Amino acid sequence: MSNLLTTLREAVSTPAAQLEDVMGERCTLRARAEQALYHAGDPSDGVYVLTSGYARAYVGEGTTSRTTLLVRAPAILGDRDVLANCTARDTVRLVTPSRLMTISREEFIREWEGSSQLRSWLTDDLARRYATTIRWIELDSLNLVERLSRLLRVLETPAPSIDVLASMLGLSRRSIFRALAELRERGNEEVSAVSEGHDEEHALVHSLATERQLGTDFAIEPLEETDSSGSGNAFEASAVDGRNAASASL
């Protein structure tokens, strides 16, 4: 059986909280938040298995960039371009500190060609990643408040910091803070109405593991702005999802 397929199956069957510990010894890369795995146009010379954290694929740069894929561990990256025998079409950057396994192009192709089960597994995963990319394209037609509302609904609790949310959407921290403030001002009814009728919102975050269904009712708690001596302004916002509190702070 394919070694890679065995690894992927183990990653999927391992509880998320234990994934990094179980896979850690096999990880060859420990990456910091905002570290790029590869840039658009780079040679496709490796495949990555994300065993902890989030990664974002995007095109363009800075605040004009557009997210094409957001993945949560466990996930695989880079295989599409290796299989297509082309240079990288997106830039992939880690959103959070992460651990990854690296697989050379040659090793990956050898496993792909030698295992029909691996080909079936990854073909299905590539199709689901494509569906996620379509969701992000659709999201681009919405205003920032609606985009952020839908993203918050599918992230774990507690929610990521404003820095992480800004990285996921390719926007400034100030823009995210203002969008969170507007969500609070809209109130629960308007916020709930934004996502009404969108059963496939979970596709905004892709993972090899089955996506976890989250509750659909949440409220935005008041935001506070304080001035602490020597440290500049501090902002805090929180979104509450049923019994869990999701907080974002800067």
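Source: prediction; values computed, not measured. Counting starts from 1 at the beginning of each chain's written sequence and moves along it residue by residue. Residue-level local features of this predicted model are given only where pLDDT is at least 70; pairs of side-chain atoms are given and counted only at 80 or more, and the full residue set underlies all totals for whole chains, interfaces and linings. By convention in this description, side-chain values take in all heavy atoms of the structure and omit both hydrogens and water.

Undergrad: Which residues make up the overall build of the protein, and what values do they have?
TA: Per the convention used, a helix needs a DSSP run of H or I reaching at least four residues, while a strand needs a run of E reaching at least two, with both numbered from the N terminus. Check the secondary structure of the protein and you find 8 helices and 11 strands. Going through the 250 residues of the protein one by one, you find that 48% of them count as buried. Contacts are residue-level and defined by heavy atoms, with any inter-residue pair within 4.5 Å sufficient. The long-range fraction of contacts in the protein, counting pairs at least 24 apart against all pairs at least 6 apart in sequence, stands at 71%. Under the convention used here, a 1.4 Å probe and the Shrake-Rupley method define accessible areas, while residue burial counts only the protein chains that appear. For the protein, the accessible surface area stands at approximately 12400 Å², while carbon and sulfur atoms represent 46% of it. Relative accessibility thresholds used throughout: buried, under 20% of the residue-type maximum; exposed, over 50%; partly exposed, between the two (1.4 Å probe, protein chains only).

Undergrad: A description of the confidence of the model for the protein should follow, citing residues and the corresponding values.
TA: Overall, the prediction assigns the protein a mean pLDDT of 79, with 76% of residues at 70 or greater. Residue-level confidence of the predictor, termed pLDDT, takes values from 0 up to 100. Predicted confidence is poor over residues 211–250, with pLDDT under 50, and the contacts of this stretch with residues over four places away or in other chains come to 98 contacts.

Undergrad: I'd like a description of the environment of Val59, backed by residues and values.
TA: Here Val59 shows up in strand 4 (residues 54–59). Residues Val59 and Thr91, spaced 32 residues apart in sequence, show a C-alpha to C-alpha distance of 6.2 Å. Discounting residues that sit within four places of it in the chain, Val59 has contacts with Ser65, Arg66, Thr68, Arg89 and Asp90.

Undergrad: Which residues make up the pattern of salt bridges, and what are the values?
TA: The term salt bridge refers to a side-chain nitrogen of Lys or Arg lying within 4 Å of a carboxyl oxygen of Asp or Glu. Following the criterion strictly, the structure yields 13 salt bridges and no others. The salt bridge involving Arg99 is made with Glu20; its shortest N-O contact spans 3.7 Å. Of this pair, Arg99 sits in strand 8 (residues 98–104) while Glu20 sits in helix 2 (residues 19–23), placing them 79 residues apart in sequence. In this structure, the salt-bridge partner of Asp125 is Arg129, at a minimum N-O distance of 2.8 Å. Of this pair, Asp125 and Arg129 both sit in helix 5 (residues 116–139), separated by 4 residues, roughly a single helical turn. No difference in accessibility class separates Asp125 from Arg129, as the two residues are buried. Several salt bridges share partner residues, and in doing so they unite Asp79, Asp124, Asp125, Arg128 and Arg129 into one network.

Undergrad: Give a detailed account of the pairing of strand 5 (residues 66–72), specifying residues and quantitative values.
TA: Of all 7 residues in strand 5, 6 are buried, a share of seventy percent or more. Any two strands with at least two DSSP bridges between them are considered paired. Relative to strand 5, strand 4 runs antiparallel, the two being bridged by 6 bridges. Its bridge partner being in strand 5, Val59 is matched across the sheet by Arg66. Counted along the chain from strand 4 to the antiparallel partner strand 5, the turn is 6 residues long, and its residue Gly60 has a positive phi close to 85 degrees.

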